[in-house]
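# Residue-level structural notes
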Amino acid sequence: MTKVKICGITNLEDALAAVEYGADALGFVFAKSLRQISPVQARKIISKLPPFIGKIGVFVNEAPSRVVTIAKDCGLTAVQLHGEELPEFIGTIKPLTIIKTIRVKNKKDISILVAYPEVEAFLLDTFVAGKSGGTGKVFDWELALLAKKLKKPIILSGGLSALNVQKAIKIVSPYSVDVSSGVESKPGKKDHKKLRAFIKNAKE
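Bear in mind that the values here come from a model prediction, so they are computed numbers and not experimental data.

The next point concerns the pairing of strand β4 (residues 78-81). Residues A78 and Q80 of β4 are buried on one face, and the alternating residues V79 and L81, pointing to the opposite face, are buried as well. Where strand β3 (residues 54-59) meets β4, four bridges bridge the pair, whose relative direction is parallel. Residue pairing in the sheet places V58 in a bridge with Q80 of β4. Since β3 and β4 lie parallel, the crossover through helix α3 (residues 64-74) that links them has a hand, and here it is right-handed. Two elements, β4 and strand β5 (residues 98-104), share three bridges in a ladder whose sense is parallel. The residue of β5 that forms the bridge with L81 is K100.

Dropping the structure here:
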């Protein structure tokens with residue numbers, strides 16, 4: 001069954017609702033964003049989550065030492081590198097579990113994945129100039145099938161919602177789907193009806 005990651009969590013109410021509805025992992029954005037959360041806030045939320053829920057920290061072009069420190073202090077189970085981090089960056093934060101985001105617009109972007117053999121998974125998001133994520137835009141899911149050839153877990157993101165997630169899963173059959181803006185009432189605040197519907201549809 002495809003796993004579900006709810007990203008852009010900023011408050012305990014949304015975190016607990018996502019868990020109750022069946023989310024497998026929650027994402028906390030430490031980079032500058034409309035959904036940014038401080039390490040102190042994230043740690044408070046994470047301390048109240050069940051033990052088997054994934055706690056993913058999202059970083060964009062951050063200093064390795066800060067990534068490692070926040071991961072340890074907050075009790076993260078994995079870090080998601082959502083910027084232009086080069087392959088040599090990976091070794092500086094091991095043994096953390098690492099998800100590398102690639103923003104996709106064409107086949108050339110998929111070819112970059114081979115340069116990151118040490119990461120545990122790839123997250124494929126939509127390329128939008130000047131934005132690191134949370135755009136609500138979909139990319140060509142056929143490109144995700146090319147990424148699957150690398151035999152690494154693929155997390156599908158970018159413009160997903162309760163209305164299209166089943167179609168996306170049918171085409172790509174990813175390890176996990178990731179959603180942020182598609183289940184929000186406003187940036188940083190989840191719409192619990194959309195949240196429930198998304199997770200239900202993804203799990204079906």
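Structure shown, so let's carry the discussion forward.
Further remarks concern helix α7 (residues 165-172). Buried within α7 we find V165, A168, I169 and V172. The arc that holds every buried residue of α7, seen down its axis, measures 95 degrees, which confines them to one face. What points out from α7, more than 90 degrees from its buried face, is the exposed set K167 and K170. The elements touched by buried residues of α7 are α6 (142-147), β7 (154-156), β8 (176-179) and α8 (192-203). Positive backbone phi, at 50 degrees, marks S173, one or two positions downstream of α7.

Turning next to the sheet that holds β8. Taken together, the eight strands give a closed barrel; going around it, the order is β1-β2-β3-β4-β5-β6-β7-β8, and neighbouring strands pair in parallel fashion. Neighbour to neighbour, the strand axes of the sheet diverge by 25 degrees on average, direction disregarded. Alignment of strand β2 (residues 25-29) against β3, held across five bridges, turns out to be parallel. Paired with L26 across the strands is K55, a residue of β3. Contacts between α8 and the sheet are confined to β1 (3-6) and β8, with β1 contributing the most and set at about 160 degrees to the helix.

Our next topic: the nonpolar core. Counting residues in each nonpolar core, the largest one holds 57 residues, and the members touching the most others are I6, L26, F28, L124 and F198. For this core, the leading source of residues is helix α1 (residues 12-21), giving five residues. With near-sequence residues (within four places) excluded, F198 lies in contact with V4, I6, L160, S161, A162, V165, V177, V179 and V183. A25, A78, A121 and I155 belong to the second largest nonpolar core, which has seven residues in total.

Where helix α2 (residues 39-46) meets α3, the axes come as close as 9 Å, and the angle between the chain directions of the two elements is 30 degrees. Where α2 crosses over α3, the handedness of that crossing is right-handed. Each of P39, A42, R43 and I46 in α2 lies in contact with α3, whose residues at this interface are R66, I70, D73 and C74. Each residue belonging to the contact of α2 with α3 can be placed in one class, and the counts come to five nonpolar, no polar and three charged.

This part takes up the packing of α7 against α8. Across the interface, α7 lies against α8 with an axial gap of 8 Å and an inter-helix angle of 30 degrees. When the axes of α7 and α8 are compared, the pair comes out roughly parallel. Along this stretch, α7 crosses α8, giving a crossing that reads as right-handed. Between α7 and α8, the contacting residues are V165, Q166 and I169 on the first element and F198, N201 and A202 on the second. For the contact of α7 with α8, the class distribution of residues is four nonpolar, two polar and no charged.

Cut-offs and rules
- Sequence order as written defines residue numbering, which begins from 1 separately in each chain.
- Predicted model: local features are reported for residues with pLDDT of at least 70 only, side-chain atom pairs are reported and counted for 80 or more only, and whole-chain, interface and lining totals are derived from all residues.
- Based on all heavy atoms of the structure, the side-chain values leave hydrogens and waters out of the count.
- Accessibility here uses a 1.4 Å probe with only protein chains present; expressed as a share of the type maximum, an area under 20% marks a residue as buried, one over 50% as exposed, and anything in between as partly exposed.
- For helices the rule is a DSSP run of H or I covering at least 4 residues; for strands it is a run of E covering at least 2, with both sets numbered from the N terminus onward.
- Strand pairing is defined by DSSP finding a minimum of two bridges between the two strands.
- By convention, orient the strands away from the viewer: a clockwise path from the first strand over the helix to the second makes the crossover right-handed.
- To be clear, the arc concerns the directions from the helix axis to the C-beta atoms.
- Contact between two residues is taken to exist if any of their heavy atoms lie within 4.5 Å; hydrogens are not considered.
- Note on method: axes are straight lines fitted to C-alpha atoms, helices fitted across the in-contact stretch only, with angles between N-to-C directions ranging 0 to 180 degrees.
- Here, nonpolar core means buried Ala, Val, Leu, Ile, Met, Phe, Trp, Tyr and Cys residues that are tied together by side-chain atoms lying within 4.5 Å of each other.
- Throughout, a crossing is termed right-handed when the near helix is turned clockwise from the far one, and left-handed when it is turned anticlockwise from it by less than a right angle.
- Residues are sorted three ways: Asp, Glu, Lys and Arg are charged, Ala, Val, Leu, Ile, Met, Phe, Trp, Tyr, Cys and Pro are nonpolar, and all the rest, Gly among them, are polar.
- Roughly parallel refers to an angle under 35 degrees, roughly antiparallel to one over 145, roughly perpendicular to one between 65 and 115, and oblique to any angle outside these ranges.

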